[in-house]
Amino acid sequence: LPTDSAALKNILLKFKSSLSNTAALSNWDGKSPPCNKEEDNTTLNWKGVFCSNGYIRGIQLPNMGLKGTVDLTLLVDLKEDLRSLNFADNSLQGPLPDLNIFGALKSAFLSNNQFSGNIPDDAFKGMGSLKKLHLANNTFTGPIPKSLTNLSNLIELKLQDNKFEGRIPDFQNPKLQVFNVSNNNLVGTIPPSLSKMDPSFFTGNKGLSQSSQATPTPTPADSGSNTKNPESESKGTYTLTIVLAMVGSLLGLAIIVAVLFILCRKQRRKTTLSIETPLPSNLQKKTGIRETDRPSNSSSEGSVGAGGSTRDKKAAESTKLSFVRDDREMFDLQDLLKASAEILGSGCFGSSYKAALPSGHMMVVKRFKQMNNVGREEFQEHMRRIGRLRHPNLLPLVSYYYRKEEKLLISDFVDRGSLAVHLHGNQALGQPNLEWATRLKVIKGVAKGLGYLYKELPSLIAPHGHLKSSNVLLNEAYEPFLTDYGLTPVINQESSQDLMVAYKSPEFLQQGRITKKTDVWGLGILILEILTGKFPANFLQQGKKKTDVDLANWVNSVVESRDNNISDVFDKDMGGTNNSQGEMMKLLNIALACCEAEVEKRLDIKEAVEKIEELKERDGEDDFYSSCASEADIKSSRGKSDDFAFT
Ligand SMILES: Nc1ncnc2c1ncn2[C@@H]1O[C@H](COP(=O)(O)OP(=O)(O)OP(=O)(O)O)[C@@H](O)[C@H]1O
């Protein structure tokens, strides 16, 4: 039980060196102690290492690009201390690490990696404290280990998107609420003990069928018909008396239960009404979204494994939200529909609503109208892919709702709303304008988020596809979050060409092409919008109409004209000192290089991001005219993406 910081350091450094691609753990360098000794509060000296009172309680390394195998035996000395392990969203390989070394572990998150192989039946033996186990989206094979079935504290078990085979063992865990084994190779029937689980937890297992009903309790009528054997007949009168007595008691009990049930429902309706009355505008009323199709409507889709008639099952499934993240508060569609809601705005694809969950957390529900480009399976797969993305400048997708005729994407509400409102609406509202430093911070965040999308979604030609100022949201600290990204594969083709920003790029308008540099063009336009404070008018136009009043054209015309002063293009409201004007000019130059109409001459994403990252956030000592280019420089450098006047 090492509270000695030298020992802790050694343990962690050994563990780090057993992994590969550990750039994210650069502050695990042994310079500072991993835990502050005898500190009351949780400390986080080393990235992802959570300490309490000098003991390591959690190692949480999600989405850190880690590779290699995980040798938990190197952490054996922490076996009594560790309460949580999180290695989710990395590229870790090999068999399931030896989790059962840590008897006091409460949560283990290993989803979204490349762990593989069979898991021994006793892999979770002795882990009575375990509450949450997430192994989703790996390539585990073989049977579901039996040692999971008697973990009395287990609440969440996520094994979906693996290759588990065989039958589902009988889970008797009293606290189990989430048991997701969808998309595996399981066979047989769903054990009765799990038949109350959300049916979507079992989908995608070809050989799995609905729960075999528990052996039905014999009814009095059954008992009567069974009394045909001679032995029973001899006891006939006695049995009949007992049966009648039982029927009597059961009837009595049933009447009491029915009365209680009716009373309870009345009470609940009263409470619900009294809560809802002051909030007449709930999401359902605002949108008319229905929880499910009525049985007469046969258009709900999909099949599920458990309980009830096929129609019931389909209806049940169509009321479910699908969560793409493990780390979020779960809620139902019903919670959202009942929530008081306000419309945030309507865009090309539908409207967005802000809705308050019962917990008070604000969510945004975006209702998409043109999202039928792919079928259910492909849609779900794509949403899962988007759900795996993790970046400080991406607004995470939390969950989605899929029905053939209704698609909702649900994410967090971001406090300060969209960049578009701050650039174009604040003046009208009498609010202060965004100053230069904030604008630069926003651009840097957007560029980083976009760079990440290119890395993580290489199969998409336009990984964002809809980059514009209303799809950049700002939090309290004006940190930007990209939203509506990665949707090109699921948006109907005709609509995307009409409505999405990517399809308004010069290469699409002129040659009907989308290229890997299309999002770069979107970034360039966004930067010009931020620098000039002018709205790019062509986004509003539908279809392939070519417009000359394009923002890039206007900036170009100012830059190229001898009669104009370049500084006229900048939004006067963003302020900034002479020193910052140097960075503004550099940024203008970068934006114009991103807006090259000729794709070949345009910057690629890597170059664009690198150049943006080099910009100085604080005013340096540089003087605008001494260290930065003159207007003549910027004019002469136009069109040469690799020739930067200021870099
Ligand atoms: N999560 C969110 N938090 C805060 N505001 C949001 C959120 N999502 C969207 N908004 C804002 O709600 C408004 C409507 O957004 P919506 O996405 O429906 O349309 P849009 O972005 O204007 O157009 P499009 O449909 O083409 O994306 C916009 O001002 C948008 O910035």
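Attention here is on the structure that accompanies the text. (Residues numbered from 1 in each chain as written. Predicted model: local features only at pLDDT ≥ 70, side-chain atom pairs only at ≥ 80, totals over all residues. Heavy atoms only, no water.)

Things to note about the environment of A477
Inspection of the secondary structure assignment puts A477 in the loop between β21 (472–474) and β22 (480–482). The class for A477 is partly exposed, based on a relative accessible area of 42%. Separated by 39 residues in sequence, A477 and T438 have C-alpha atoms that sit 9.3 Å apart. (Helix = DSSP H or I, 4+ residues; strand = E, 2+ residues; numbered from the N terminus. Buried < 20%, exposed > 50% of the residue type's maximum accessible area, 1.4 Å probe, protein only.)

Focus: the side chain of H466
With respect to the helices, strands and loops of the structure, H466 is situated in the loop between α10 (436–456) and β21. A residue is classified by how much of its surface remains accessible, and H466, at 3% relative accessible area, is buried. Of note is the side chain of H466, whose polar atom sits 3.1 Å from the backbone nitrogen of V501. Dropping the residues within four chain positions of it, H466 is found in contact with F349, N471, D484, L499, M500 and V501. (Polar contact = N/O pair within 3.5 Å; in protein donor to acceptor, adjacent residues only side chain to side chain. Contact = heavy atoms within 4.5 Å.)

Overview of the site of the ligand
In the vicinity of the ligand lie 22 residues, with S352, K366, H466, K468 and D484 positioned nearest. Between the ligand and D412, the relevant distance is 2.9 Å, taken from a nitrogen atom to a main-chain nitrogen or oxygen of the residue. Measuring from a nitrogen atom of the ligand, one finds a backbone N or O atom of V414 at 2.9 Å. Coverage of the ligand by the protein chains reaches 91% of its 600 Å² of free accessible surface. Of all the elements, strand β17 (residues 350–356) adds the most residues to the shell around the ligand, at 3 residues. When grouped by side-chain class, the residues that make up the shell around the ligand number 8 nonpolar, 10 polar and 4 charged. (Near = heavy atom within 4 Å. Areas by Shrake-Rupley, 256 points an atom, 1.4 Å probe, with all protein chains shown as cover. Nonpolar A, V, L, I, M, F, W, Y, C, P; charged D, E, K, R; others polar.)

Some details on the packing of aromatic side chains
By the definition in use, this model includes 11 aromatic pairs. When the centroid spacing of 6.3 Å and the interplanar angle of 5 degrees are considered together, the rings of F115 and F140 count as stacked. Pair noted here: F115 is in strand β7 (residues 114–118) and F140 is in strand β9 (residues 139–143), with a separation of 25 residues, a long-range link. Accessibility expressed as a relative area gives 0% for F115, which makes it buried. Classification of F140 as buried rests on a relative accessible area of 0%. Here the aromatic cluster, defined as three or more aromatic residues joined through ring pairs, consists of F115, F140 and F164. One residue, K407, lies across the ring of Y402, its end atom 4.9 Å from the ring centre. Over the ring of W554 we find K534, and its NZ or CZ is 5.0 Å from the ring centre. (Phe/Tyr/Trp six-rings, centres within 6.5 Å; stacked < 30°, edge-to-face > 60°. Lys NZ or Arg CZ within 6 Å of the ring centre and 35° of its normal.)

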